[in-house]
Amino acid sequence: PLLDTTSALNQTVLPRETLDTLPTGYDTWSIARLAPAIHLDKYDVGGREMFGQSNASAHGSSEREYFIDGMDLNQYGGTFYIDSFAFQEVNIQTSNMTAERSTGGVVWNFVTKTGTNQFHGTGAFLGMTHGCCESSNISGRTRDILLSAVPAYALAANPNPRLGSAVEHMFDLSSTVSGPIIKDRIWYSFAGKLGEVDTRRVGSYNADGTQLLSDNQLRQTTAKVSMALTKNQQ
């Protein structure tokens, strides 16, 4: 509703149409930049930080929680990535959360896609770039300062290193299919994702002095089956 008179919850609802239209990365943290009042601790250009989780904060609180269809994912130990392309809607809450929420920062809730009696599919979302498409805004003075910190053995191997964080190769490929297993009774939804980001960063070197390549690959699948027990219950 445009005006909810029963709750003071502050939330940003991003449906699939909005996510597909706006020119942003598809990772969780790029999407969060679309919501008011959220601050992230790193810049992301064209989705190059899809493997570098950002710390999100709202109203001075850096606490955060993740949910899928309301299911709590926050007890999972370690780093995890969510393929936003697999979801119909992303709901981001920033303040005045309900009592069952234990944080005061940012809460993500991802609403999954549900199959219908007709077959639907998204051929692919493809975003990609290469180092040849990346420019540099480092001035001559700044370049001299940065080069002064590069070890001699690294300069001997490569007298003209790429400074900063240079993208060698990046692409993000996603697709979805959904439809009926038994019409009016059981439906399925499936999504797949393959992402890669290769970067070279000044300050990281191999033993022979060449710049270290940070190569990252993400393979992810999401599947859902829905069943209608009765005409009014799913």
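Since this is a predicted model, take the numbers as computed values, not measurements.

Asker: Account for the overall build of the chain, with residues named and values stated.
Answerer: Counting its secondary structure elements, the chain contains four helices and eleven strands. Seen along its three principal axes, the alpha-carbon backbone of the chain occupies a region of about 75 × 40 × 35 Å. Within the chain, the proportion of its 234 residues that are buried is 38%. Of the charged side chains in the chain, 18 are positive and 23 negative; the average position of the first set lies 3 Å away from that of the second.

Asker: Which residues make up the packing of aromatic side chains, and what are the values?
Answerer: Counted under the stated rule, the structure contains three aromatic pairs. Measuring from ring centre to ring centre gives 4.8 Å for Tyr66 and Trp108, while their planes differ by 5°; the resulting arrangement is stacked. Taken together, the residues span a long stretch of sequence, with Tyr66 in strand E4 (residues 64-68) and Trp108 in strand E7 (residues 106-112) at a distance of 42 residues. Trp108 carries the same exposure label as Tyr66, and that label is buried. Considering the side-chain rings of Tyr153 and Tyr205, the 6.3 Å spacing of their centres and the 70° angle between planes classify their relative orientation as edge-to-face. One end of the pair, Tyr153, is in helix H4 (residues 152-157); the other, Tyr205, is in strand E10 (residues 186-205), with 52 residues separating them in the sequence. Directly above the ring of Phe85 sits Lys113, whose terminal nitrogen or CZ lies 5.3 Å from the centroid.

Asker: Residues and numbers for the sheet that holds strand E6 (residues 87-95), please.
Answerer: Strand pairing in a sheet relies on backbone hydrogen bonds, with the paired strands running either antiparallel or parallel. If you trace the five strands from one edge of the open sheet to the other, you get E1-E6-E7-E4-E5, paired in mixed fashion. Because the sheet does not close on itself, it has two edges, and the strands there are strand E1 (10-15) and strand E5 (71-72). In this sheet, E7 lies alongside E4 in parallel orientation, the contact comprising five bridges. Bridge pairing in E7 links Ile68 to Phe110.

Asker: So what's going on with the environment of Ser84? Which residues, and what values?
Answerer: Structurally, Ser84 can be placed in the loop between E5 and E6. Owing to a relative accessible area of 0%, Ser84 belongs among the buried residues under this scheme. For the pair Ser84 and Arg16, spaced 68 residues apart in sequence, the C-alpha to C-alpha distance is 9.4 Å. If sequence neighbours within four positions are ignored, Ser84 has contacts with Arg16, Tyr26 and Ile31.

Asker: Residues and numbers for the nonpolar core, please.
Answerer: Side chains that are nonpolar tend, in soluble globular proteins, to be buried together. Among the nonpolar cores identified, the biggest contains 21 residues, and Ile38, Tyr66, Val90, Ile92, Val106, Trp108 and Phe110 are the most heavily contacted of them. When residues of this core are traced back to their parent elements, those giving at least two are helix H2 (28-32), strand E2 (38-40), strand E3 (56-58), E6 and E7. Residues within four places of Phe110 in sequence aside, it is in contact with Thr28, Tyr66, Phe67, Ile68, Asp69, Ile82, Phe87, Glu89 and Val90. Of all hydrophobic cores here, the second largest spans six residues; its members include Met50, Val167, Val197 and Leu218.

Asker: Give me the lowdown on the pairing of strand E9 (residues 165-182), citing residues and values where you can.
Answerer: Where E9 meets E10, 16 bridges bridge the pair, whose relative direction is antiparallel. Note that in E10 the partner of Thr176 across the bridge is Ala191. Between E9 and the antiparallel strand that follows it, E10, lie three residues; Asp184 among them carries a positive phi value of about 65°.

Asker: I'd like to hear about a nonpolar patch on the surface, residue by residue, with values.
Answerer: Together, Phe119, Val177 and Phe190 make up a nonpolar patch on the protein surface, roughly 280 Å² of accessible area in all. Among the secondary structure elements, Phe119 is positioned in the loop between E7 and strand E8 (120-130). A residue is classified by how much of its surface remains accessible, and Phe119, at 58% relative accessible area, is exposed.

Asker: Can you explain the side chain of Thr176? Please cite residues and give values.
Answerer: Note on placement: Thr176 falls in strand E9. Leaving out residues up to four positions away in the same chain, Thr176 has contacts with Phe85, Lys113, His120, Gly121, Thr122, Phe190 and Ala191.

Asker: Which residues make up unusual backbone geometry, and what values go with them?
Answerer: The backbone of His59 sits at a positive phi, close to 55°, despite the residue not being glycine. The topology assignment puts His59 in the loop between E3 and E4. When its relative accessible area of 56% is taken as the criterion, His59 is described as exposed.

Reading the values: the criteria
- Here the residue numbering is sequential within each chain, running from 1 through the sequence in written order.
- Under the rules for a predicted model, residues below a pLDDT of 70 receive no local features and side-chain atom pairs below 80 are neither given nor counted, while totals for whole chains, interfaces and linings still include all residues.
- Excluding hydrogens and water, the side-chain figures rest on all heavy atoms present in the structure.
- Numbering of helices and strands starts at the N terminus; helices are DSSP runs of H or I of at least 4 residues and strands are runs of E of at least 2.
- Partly exposed residues are those whose accessible area sits between 20% and 50% of the maximum for their type, while under 20% is buried and over 50% is exposed, using a 1.4 Å probe and protein chains only.
- In this tally Asp and Glu are treated as negative and Lys and Arg as positive; neither His nor the chain ends contributes.
- Think of each charge as sitting on NZ of Lys, CZ of Arg, CG of Asp or CD of Glu.
- A pair of Phe, Tyr and Trp rings is counted when the ring centres sit within 6.5 Å of each other, with Trp represented by its six-membered ring. The angle between the planes then sorts it: under 30 degrees is stacked, over 60 is edge-to-face, the rest tilted.
- Any Lys NZ or Arg CZ found within 6 Å of a ring centre and within 35 degrees of that ring's normal is scored as a charge over the ring.
- Pairing between two strands is assigned when DSSP locates at least 2 bridges connecting them.
- Two residues qualify as a contact provided that any one of their heavy atoms is within 4.5 Å of a heavy atom in the partner residue.
- To form a nonpolar core, buried Ala, Val, Leu, Ile, Met, Phe, Trp, Tyr and Cys residues must be joined to one another through side-chain atoms within 4.5 Å.
- Patch definition: residues with relative accessible area over 30% and no salt bridge; like charges joined within 9 Å; nonpolar side chains (Val, Leu, Ile, Met, Phe, Trp, Tyr) joined within 5 Å.
- Per-residue and other accessible areas follow the Shrake-Rupley method at a 1.4 Å probe size, with only the shown protein chains counted as cover for residues.
- Each reported salt bridge corresponds to a side-chain nitrogen of Lys or Arg within 4 Å of a carboxyl oxygen of Asp or Glu.

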